[in-house]
Amino acid sequence: MADTCGQILLGSGLTVLSHPLMYIKVLVQVGHEPLPPTLGRNLFGRQVYQLPGLFAYAKHITKIDGKVGLFNGLAPRLCAGTIGTLVHSRVVQVGPARFTGSYKVDLTLLPFCVFQTTKEMIARSCATIVTHPFHVITLRCMVQFIGRETKYSGVFDSVITVYREEGVLGFFAGLIPRLLGDILSLWICNLLAHLINTYAIDDSMSHTGEIKNCSQAVTGFFASMLTYPFVLVSNLMAVNNCGLAGGLPPYASVYPTWVDCWRHLSKEGNMSRGNSLFFRKLPAGKTYALDQKRFF
């Protein structure tokens, strides 16, 4: 219990610190570009037109809503983090007795890696499903910035609003691509890390533990890059056609299913939109509309 409380406190602190970053990323994901492109330099020093990065975007939000405005949607996100940690911890505690029994396993064998990944997949999936309603509310609180709405003003009021307008299914908008992305990312990360740690790293090497931890971090980053389109589609579906300007035409298309959203983004070449908040290049073949603050 003490470990779980520690995880909740640490997770809450990291959530508060990282919230402005997520807030800006979500606005970029839905295509909101309040600032026109400016002439800057890329990584190679060449002058190119770029979209405003993280700090310029944050300054723009602060100018309109103050520094507190950078934390829109923080309350439901903290709720999601706390409940998710509790659910994950509980499922992990139940899992070993149910799945492992009393037999011994070799930590270096692939079957054990598969078993551990399966157990973690179940725990993460349960936590994701339980906390997804709070995730939906978080995203909608953020996207309100685009149309200056106040429709989602608190956790309790937002729950009532979603249920009244969309029913129970409204709380799970965008859940399927989010689950798929989490599962794929977990398996890619763990299997790649296992292969590297087993066949590429010799246990006789010095600092073996640090090297293996580093390989886990690198494979995690690689997996998150590969599965980013699932995150993008999930977030767009969570706010799509919910009554907010950021999820309705002409600002955004209305998608019947997440597969339609995926196809549209793929056709437009926007599958990586919002993936980077630095050195953001202009979308190819797009024109910036200053009055609508978006590309079309």
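See above for the structure.
Residues numbered from 1 in each chain as written. Predicted model: local features only at pLDDT ≥ 70, side-chain atom pairs only at ≥ 80, totals over all residues. Heavy atoms only, no water.

Peer 1: In this structure, what is going on with the overall build of the protein? I would like to understand it.
Peer 2: In terms of helices and strands, the protein carries nine helices and five strands. For the protein, the N- to C-terminal ordering of α and β elements is α-β-β-α-α-α-α-α-α-α-α-β-β-β. Radius of gyration (C-alpha) of the protein: 21 Å, near the 19 Å computed for a compact globule of 296 residues. In terms of overall dimensions, the protein has C-alpha extents of about 65 × 50 × 35 Å along its principal axes. Considering the protein as a whole, with its 296 residues, one finds that 41% of them fall into the buried category. Contacts in the protein between residues at least 24 apart in sequence constitute 74% of all its contacts with a sequence separation of at least 6. Counting every atom, the protein has about 16,400 Å² of accessible surface; 65% of that belongs to carbon and sulfur. (Helix = DSSP H or I, 4+ residues; strand = E, 2+ residues; numbered from the N terminus. Rg over C-alpha atoms; globule rule 2.2 N^0.38 Å. Buried < 20%, exposed > 50% of the residue type's maximum accessible area, 1.4 Å probe, protein only. Contact = heavy atoms within 4.5 Å. Areas by Shrake-Rupley, 256 points an atom, 1.4 Å probe, with all protein chains shown as cover.)

Peer 1: Just to check I follow, could you spell out the pairing of strand 2 (residues 47-51) for this structure?
Peer 2: Moving residue by residue along a regular strand, the side chains alternate between the two faces of the sheet. In terms of strand pairing, strand 1 (residues 38-41) meets strand 2 through four bridges, oriented antiparallel. Residue pairing across strands places Thr38 opposite Gln50, the latter belonging to strand 2. Where strand 2 meets strand 3 (residues 280-281), two bridges bridge the pair, whose relative direction is antiparallel. Paired with Leu51 across the two strands is Arg280, which belongs to strand 3. (Pairing = 2+ DSSP bridges.)

Peer 1: What's the story with the layout of surface pockets in this structure? I'm lost.
Peer 2: Gaps left between atoms are located by rolling a probe of water-molecule size over the structure's atoms. Of the pockets and cavities examined, the largest pocket occupies roughly 1,700 Å³. Counting residues per element, the ones that place at least two in the lining of the largest pocket are helix 1 (2-29), helix 3 (74-99), helix 4 (110-147), helix 6 (175-200), helix 7 (208-226) and helix 8 (228-239). Ranked by residues supplied to the lining of the largest pocket, first place goes to helix 1 with 12 residues. Among the residues making up the lining of the largest pocket, the classes are represented as 12 nonpolar, 23 polar and six charged. Put simply, the second largest pocket is a space of about 870 Å³. (1 Å grid on protein atoms, 1.4 Å probe; cavity = no way out; pocket = protein on both sides within 12 Å on 5 of 7 lines; lining within 4 Å. Points joined across faces, edges and corners; volume = space filled by probe spheres on them. Nonpolar A, V, L, I, M, F, W, Y, C, P; charged D, E, K, R; others polar.)

Peer 1: How should the state of the cysteines be read in this particular structure?
Peer 2: Counted under the stated rule, the structure contains zero disulfides. Cys79 takes part in no disulfide bond, and the closest cysteine sulfur, belonging to Cys141, lies 11 Å away. (Disulfide = S-S within 2.5 Å.)

Peer 1: Got a minute to help me understand the sheet that holds strand 3 in this structure?
Peer 2: By way of backbone hydrogen bonds, the strands of a sheet pair with one another, either parallel or antiparallel. Reading across the sheet, the three strands line up as 1-2-3 and stay open at both edges, with antiparallel pairing between neighbours. Sheet topology places strand 1 and strand 3 at the edges, where each strand pairs with a single neighbour.

Peer 1: Looking at this structure, I do not really get the packing of aromatic side chains. What am I missing?
Peer 2: The description of two aromatic rings rests on the distance between their centres and on the angle between their planes. Enumeration over the complete set of coordinates arrives at five aromatic pairs. Aromatic pair Tyr23 and Phe145: ring centres 6.4 Å apart, planes at 85°, arrangement edge-to-face. Of the two residues, Tyr23 sits in helix 1 while Phe145 sits in helix 4, which places them 122 residues apart along the sequence. Classification of Phe145 as buried rests on a relative accessible area of 5%. Connected via pairs of aromatic rings, a cluster forms that spans Phe230, Trp258 and Trp262. (Phe/Tyr/Trp six-rings, centres within 6.5 Å; stacked < 30°, edge-to-face > 60°.)

Peer 1: Any chance you could explain the nonpolar core here in plain terms?
Peer 2: Ranked by size, the top nonpolar core spans 38 residues in total, and within it Ile24, Leu27, Ile61, Val143, Cys261 and Leu265 carry the most contacts. Elements with a minimum of two residues in this core: helix 1, helix 2 (54-65), helix 4, helix 8 and helix 9 (258-268). Looking at this core element by element, the count peaks at eight residues for helix 4. Sequence-distant contacts of Ile61, that is, excluding residues within four places in its chain, are made with Tyr23, Ile24, Leu27, Gly66, Gly69, Leu70 and Phe145. (Core = buried A, V, L, I, M, F, W, Y, C linked by side-chain atoms within 4.5 Å.)

Peer 1: How should the side chain of Thr117 be read in this particular structure?
Peer 2: When you line up the elements, Thr117 lands in helix 4. Once residues lying within four places of it in the same chain are set aside, the contact partners of Thr117 are Leu186, Trp187 and Asn190.

Peer 1: Where do I start with the packing of helix 6 against helix 8 in this structure?
Peer 2: In a pair of packed helices, the angle between the axes and the distance between the axes together describe the arrangement. It is at 8 Å that the axes of helix 6 and helix 8 come closest, and there the two elements cross at 160°. Taken as axis vectors, helix 6 and helix 8 run roughly antiparallel relative to one another. In this structure, helix 6 meets helix 8 at a crossing whose hand is left-handed. Along its contact with helix 6, which presents Pro177, Arg178, Leu180, Gly181 and Leu184, the element helix 8 presents Phe230, Val233 and Ser234. Residue composition of the contact of helix 6 with helix 8, by class: five nonpolar, two polar and one charged. (Axes fitted to C-alpha atoms, helices over the stretch in contact; angles between N-to-C directions. Parallel < 35°, antiparallel > 145°, perpendicular 65-115°, else oblique. Left-handed = near helix turned anticlockwise from the far one by under 90°.)

Peer 1: I would appreciate a short explanation of helix 4 in the present structure.
Peer 2: In an α-helix, one turn spans 3.6 residues; hence positions three or four apart end up facing the same way. The largest bend along helix 4 reaches roughly 50° and is located at Thr131, with the proline Pro133 sitting one to four residues downstream. Note on helix 4: the residue one or two positions beyond its end, Arg148, has a positive phi of about 60°. (Bend = angle between axes of the 7 residues up to and from the residue.)

Peer 1: Teacher, can you tell me more about the side chain of Thr138 here?
Peer 2: Mapped onto the elements of the fold, Thr138 is located in helix 4. Setting aside its immediate chain neighbours within four residues, Thr138 contacts Met22, Gly73, Pro76 and Arg77.

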